[in-house]
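Working through the structure, step by step
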Amino acid sequence: MNLFRSLLFFSVGLCCCLAASAQADVAARLEQQLTTAATDSLRARICLDLHDAWFKISQEKSRAYAVSALQYAQNVHIPVLQFLAYTALARCERKKRDYPAVYPYDSLSMLAALQSGNRDAIFNAQLMYAHDYLDDNKSGQAYPWLQKAEITAGLTGKTDQQAKIYHALAYYFRETNRHKQAIPYFRKAITAFEASGNSYKAAEARVFLAESLLAIGQTDSTAGLLFDAMEIYKKNNNIPGLAYANQVLGNIFLTTGDADKGIYYYGEAQQLFRQSNNKVEMALTIPDIARALLFKKDYQGALAHLQEADSTFTSMHYSYGRIKVYTLYGQYYSEKGQPVPAEENFRKADSMLRLESLPDLQTENEKYWARHKYHYRNYKAGDSLTYEYAQRIAGSKEPEAIARELNLIRSKNRNLDSNSLKILALLYRPGGVKVLRDLLKEKSLSQILPMDSLQALNPFSQATGAYDSSMAASFSRQVLDLEAHYKTKQVRDSLQIERQGSLIARQAAAQQSARLISVGVIAAILGLGLWLQYRSRRRAERDKAEIQLLQKEIHHRVRNNLGVVNRFVEIAERNRSDAFSLTSLKTRIAAMELLHRHLYQKDHIGLISVQDYFSELVEQIRECFPTGSEVRFELDAAVMLESKVAEKLGLIVNELVTNSLKYAFAEGQAGIIRIGIQESARDTRLLTVSDDGSGSAPPKTKKGYGSKLIAGLGHELNADMTYTYEKGTRFQMRFVLPDRN
């Protein structure tokens with residue numbers, strides 16, 4: 001069993017690592033797709049997939065992509081996408097258990113689902129609302145949403161939705177201590193989940209069903225349900241589910257009086273919770289084991305576990321666990337004959353419970369405390385505590401809670417007479433405590449009820465001489481059969497491994513080939529490792545060469561551009577009385593700076609998106625001229641060009657656009673400047689820059705540096721340039737792309 005557990009833990013840990021790596025790879029591919037997505041609706045869906053991919057790895061990234069998905073969904077006004085985005089945001093807050101932050105997203109999800117008219121979305125929004133209220137201990141607010149979801153599931157007729165609503169309703173009744181109402185819903189949920197192929201949820205429903213059956217005192221079929229669930233959890237490597245099933249099984253054994261089995265399964269649960277990194281549930285198994293040891297009268301072991309639990313819960317600042325520990329400390333000292341420390345610990349638990357809303361723990365503490373009082377003959381105080389929790393149970397208006405208390409007493413006190421049973425039934429009836437006090441006047445319950453019945457009020461206490469051991473023996477026999485069936489596969493696997501080992505040992509002595517095969521496998525592994533190392537080294541060398549090439553390109557371009565900037569400055573100095581010369585200098589340098597930014601911030605090394613480059617370039621030029629705000633630009637340059645070509649085109653366009661803004665439009669005059677690059681032939685491109693302004697003098701009549709710069713750059717590109725002046729100025733330049741080799 002230890003070998004099997006170790007192998008299971010190792011395989012689950014390995015699977016988790018591989019899963020995280022796989023999720024990161026998926027996220028990387030999706031992020032690449034996002035950069036090339038053509039529409040906002042597609043971007044929204046990719047962002048939702050990225051939210052899922054990052055959810056278990058990085059909560060910050062997961063939420064950021066959910067926010068992006070919502071923005072894209074709102075851009076395209078698609079309610080279903082908005083519903084999914086709000087659901088993703090609610091999921092992020094739910095992970096932090098910040099329910100005040102969850103509910104606004106639930107509300108927005110519901111609104112978007114209704115706007116979409118999609119019944120699946122409406123069902124999921126209703127169910128999500130109900131689950132959040134249940135998890136936030138607001139059962140009363142959950143039930144109306146469960147009823148709405150049940151109606152919607154009936155309209156869709158989908159088996160998986162039926163299964164979900166059955167499970168949710170069962171969980172609601174279980175949380176409100178109405179286990180008899182929960183049980184049929186759990187059975188329906190199991191059938192529906194299995195019909196829809198969801199074995200994991202069917203296993204979860206089995207565990208909850210076992211708990212509800214235990215709560216009403218029906219233990220006959222509980223172990224079978226749990227072992228079936230554990231088998232499914234094992235196949236799916238679900239460690240948290242397996243841990244919880246073991247914990248419930250421990251509770252069942254302790255309730256039926258088999259403390260040793262209870263301790264064993266609590267121990268299994270503890271190790272599994274530790275493996276799944278659930279520190280709270282792992283810590284809660286410590287007082288469970290302590291309780292079982294107290295049941296066995298193993299006081300030394302119980303004290304060691306209580307001290308461990310006390311230290312753990314104190315360091316965690318976990319009040320729920322500390323209350324459980326104080327109550328058990330009280331029982332420990334009471335049974336050890338030390339009434340003073342027992343009283344102190346019961347009072348500590350009671351003081352903390354007055355600040356917390358934990359009725360189950362409060363009733364438990366009062367039951368142990370009352371038992372302690374009766375044991376030390378303080379009947380008045382014992383009666384007071386008994387009356388207090390009896391009134392709470394009666395006031396809860398839960399018939400099942402009352403029946404559960406009476407069944408517990410009957411099961412542990414088979415010899416109670418009818419008169420005692422009537423008194424106990426009256427004790428839990430609404431208003432019964434007042435009637436009993438009036439009847440008894442100064443008498444104590446201990447004077448009219450057998451002491452065994454008062455001892456049995458504790459759910460894990462075994463009344464002396466009255467406990468029906470046959471029930472525990474019968475249950476233990478059933479569980480032994482189930483355990484044997486559950487472990488058969490493990491035993492078969494172990495035997496098969498042993499037989500294989502024996503066969504290999506015999507063959508190894510007779511056949512040298514087995515050794516050769518082993519050597520071959522080792523050689524193959526070494527070869528694979530060397531090949532991977534070689535491939536990694538080659539990739540590193542390629543990356544290094546690419547970086548060196550880029551560095552040379554940077555140094556070369558910076559050196560050349562510094563020379564160009566120097567010439568620009570010299571010209572500006574010669575014309576420093578001309579304000580436009582300084583503006584032109586600014587725009588020329590800005591064009592070069594912008595090219596560098598596009599070159600070194602993009603994924604395609606050495607290539608420039610001309611459309612993006614020109615878009616930012618013309619905006620920079622527009623800001624420098626007073627007429628720029630009235631002029632509109634139309635761009636059609638969706639091409640990728642090498643940086644050395646794009647740089648020359650950028651300077652040419654800068655000069656032409658500057659001329660148009662300076663001369664073609666009067667101040668306040670509106671107009672259009674069009675810039676385009678089209679493919680003229682296979683390796684030829686045509687640059688066109690035109691405006692619809694009043695026009696300017698032909699460049700041949702001008703001797704400015706801008707005209708010379710255009711001519712020089714055109715010559716470097718081996719280009720043919722033409723100007724036309726009809727309804728504005730039109731410049732065209734046909735140039736040949738340089739040979740990339």
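Residues numbered from 1 in each chain as written. Predicted model: local features only at pLDDT ≥ 70, side-chain atom pairs only at ≥ 80, totals over all residues. Heavy atoms only, no water.

The next point concerns the overall build of the chain. Per the secondary structure count, the chain includes 29 helices and seven strands. Long-range pairs, those at least 24 residues apart, make up 63% of the contacts in the chain between residues at least 6 apart in sequence. Of the accessible surface of the chain, which amounts to about 38,600 Å², a share of 53% is contributed by carbon and sulfur atoms. (Helix = DSSP H or I, 4+ residues; strand = E, 2+ residues; numbered from the N terminus. Contact = heavy atoms within 4.5 Å. Areas by Shrake-Rupley, 256 points an atom, 1.4 Å probe, with all protein chains shown as cover.)

To continue, consider the pairing of strand β4 (residues 671-681). Inspection of the sheet shows strand β2 (residues 631-636) paired to β4 by six bridges, in the parallel sense. Directly across from Phe 633, in β4, lies its bridge partner Ile 673. Inspection of the sheet shows β4 paired to strand β5 (residues 684-691) by eight bridges, in the antiparallel sense. Residue Arg 674 lies in a different strand from β5, and its bridge partner there is Ser 690. (Pairing = 2+ DSSP bridges.)

This brings us to the sheet that holds strand β7 (residues 730-736). The strands that make up a sheet pair up through hydrogen bonds in the backbone, lying either parallel or antiparallel. On the basis of which strands lie adjacent, the open sheet formed by five strands has the order β2-β4-β5-β7-β6 and mixed pairing. Looking at the sheet topology across the chains shown, the edges are occupied by β2 and β6 (720-724). Strand after strand, the sheet turns through a mean of 10° between neighbouring axes, direction not considered. On top of the sheet, helix α27 (residues 610-622) reaches β2 and β4; it is set at about 165° to β2, its chief contact. (Axes fitted to C-alpha atoms, helices over the stretch in contact; angles between N-to-C directions.)

Glancing now at the nonpolar core. Membership of the largest hydrophobic core comes to 91 residues, with the highest contact counts inside it found for Leu 50, Leu 146, Ile 165, Leu 226 and Leu 249. Once residues lying within four places of it in the same chain are set aside, the contact partners of Leu 226 are Val 207, Ala 210, Ala 245, Val 248, Leu 249 and Ile 252. Membership of the second largest hydrophobic core comes to 44 residues, among which are Leu 254, Leu 294, Leu 424 and Leu 426. (Core = buried A, V, L, I, M, F, W, Y, C linked by side-chain atoms within 4.5 Å. Buried < 20%, exposed > 50% of the residue type's maximum accessible area, 1.4 Å probe, protein only.)

On to the packing of helix α5 (residues 99-116) against helix α6 (residues 119-135), then. Relative to each other, α5 and α6 sit at 165°, their axes nearing to 8 Å. Taken as axis vectors, α5 and α6 run roughly antiparallel relative to one another. You can see that α5 and α6 cross each other, and the crossing is left-handed. Contacts between α5 and α6 involve Tyr 99, Val 102, Tyr 103, Asp 106, Ser 107, Ser 109, Met 110, Ala 113, Leu 114 and Ser 116 on the former and, on the latter, Ala 121, Ile 122, Ala 125, Gln 126, Met 128, Tyr 129, Asp 132, Tyr 133 and Asp 135. Of the residues in the contact of α5 with α6, the class split is 12 nonpolar, four polar and three charged. (Parallel < 35°, antiparallel > 145°, perpendicular 65-115°, else oblique. Left-handed = near helix turned anticlockwise from the far one by under 90°. Nonpolar A, V, L, I, M, F, W, Y, C, P; charged D, E, K, R; others polar.)

Its location among the elements puts Ser 615 in helix α27. C-alpha of Ser 615 to C-alpha of Ala 637: the two residues are 22 residues apart in sequence and 9.5 Å apart in space.

Turning to helix α13 (residues 259-275), a few remarks are in order. For α13, built from 17 residues, the straight-helix expectation of 24 Å at 1.5 Å per residue is met to within 8% by its first-to-last C-alpha distance of 24 Å. Positive phi appears at Asn 277, one or two residues downstream of α13, with a value of about 65°. (Expected span 1.5 Å × (residues − 1).)

Residue placement: Ser 139 occurs in helix α7 (residues 139-156). Residues contacting Ser 139, with those up to four places away along its chain left out, are Tyr 133, Leu 134, Tyr 172 and Thr 176.

Right, let's talk about unusual backbone geometry for a bit. At Arg 97, a residue that is not glycine, the phi angle is positive and equals roughly 60°. One non-glycine residue, Lys 727, adopts positive backbone phi at about 55°. By the secondary structure assignment, Lys 727 is in the loop between β6 and β7.

Viewed as axis vectors pointing N to C, helix α17 (residues 339-353) and helix α18 (residues 359-375) meet at an angle of 160°, and their least axial separation amounts to 10 Å. Taken together, the axes of α17 and α18 are roughly antiparallel relative to one another. The interaxial crossing formed by α17 with α18 has left-handed handedness. Between α17, through Pro 339, Ala 342, Glu 343, Phe 346, Arg 347, Ala 349, Asp 350 and Leu 353, and α18, the contact on the second element is made entirely by Leu 361, Gln 362, Asn 365, Tyr 368, Trp 369, His 372 and Lys 373. Its residues assigned to classes, the contact of α17 with α18 comprises eight nonpolar, three polar and four charged.

Evaluated as defined, the whole model comprises 25 aromatic pairs. For the ring pair Phe 346 and Trp 369, a centre distance of 6.1 Å and an interplane angle of 20° mean the geometry is stacked. Of this pair, Phe 346 sits in helix α17 while Trp 369 sits in helix α18; the two residues are 23 residues apart in sequence, bridging distant segments of the chain. For Phe 346, a relative accessible area of 0% puts it in the buried group. For the pair Tyr 723 and Tyr 725, a centre-to-centre distance of 6.4 Å together with 5° between the ring planes defines the contact as stacked. The class for Tyr 725 is partly exposed, based on a relative accessible area of 36%. Taken together, Tyr 99, Tyr 103, Tyr 129, Tyr 133 and Trp 145 form an aromatic cluster joined through their ring pairs. A cation over a ring is seen here: Lys 148 above Trp 145, with NZ or CZ 4.2 Å from the ring centre. (Phe/Tyr/Trp six-rings, centres within 6.5 Å; stacked < 30°, edge-to-face > 60°. Lys NZ or Arg CZ within 6 Å of the ring centre and 35° of its normal.)

A word on helix α21 (residues 418-427). Within α21 the residues assigned to the buried category are Ser 420, Ile 423, Leu 424, Leu 426 and Leu 427. Along the long axis of α21, the arc covered by the buried residues comes to 160°, so they all point the same way. Facing away from the buried surface of α21 by more than 90 degrees, the exposed residues are Ser 418 and Lys 422. (Arc of directions from axis to C-beta.)

Inspection of every chain in the model, using the stated rule, returns 24 salt bridges. Among the ionic contacts, a cluster of salt bridges with common partners joins Arg 63, Glu 93 and Lys 96. (Salt bridge = Lys/Arg side-chain N within 4 Å of Asp/Glu carboxyl O.)

Attention now moves to the confidence of the model for the chain. For the chain, mean pLDDT is 79; residues scoring 70 or higher make up 74% of the total. Low confidence marks residues 1-18, where pLDDT is under 50. Its contacts with residues over four positions away, or in another chain, come to 19 contacts. Note on residues 458-471: pLDDT is under 50 here. Beyond four places in sequence and across chains, it has 39 contacts. (pLDDT = per-residue confidence, 0-100.)

In this structure, Gln 162 sits in helix α8 (residues 159-175). Judged by relative accessible area, which is 21%, Gln 162 ranks as partly exposed. Separated by 12 residues in the primary sequence, Gln 162 and Glu 150 place their C-alpha atoms 7.6 Å from one another. Beyond its immediate sequence surroundings of up to four residues, Gln 162 is in contact with Ala 153 and Gly 154.

So, on to the pairing of β7. Across the two faces of β7 the burial differs, with Phe 731, Met 733 and Phe 735 buried and Arg 730, Gln 732, Arg 734 and Val 736 not buried at all. Bridging between β5 and β7 involves seven bridges; their strand directions are antiparallel. Looking at β7, one finds that Thr 688 is bridged to Gln 732. Bridge analysis of β6 against β7 gives five bridges, and the strand direction is antiparallel. Within the sheet, the bridge partner assigned to Met 721 lies in β7 and is Met 733. Between β6 and β7, which pair antiparallel and follow one another directly, the connecting turn spans five residues, one of which, Lys 727, has a positive phi of 55°.

Within the element layout of this structure, Asp 132 appears in helix α6. Overall, the relative accessible area of 1% leaves Asp 132 in the buried class. Side chain to side chain, Asp 132 and Arg 94 meet in a polar contact 2.6 Å long. Filtering out sequence-adjacent residues up to four positions away, Asp 132 remains in contact with Arg 94, Tyr 99, Val 102, Tyr 103 and Asp 106. (Polar contact = N/O pair within 3.5 Å; in protein donor to acceptor, adjacent residues only side chain to side chain.)

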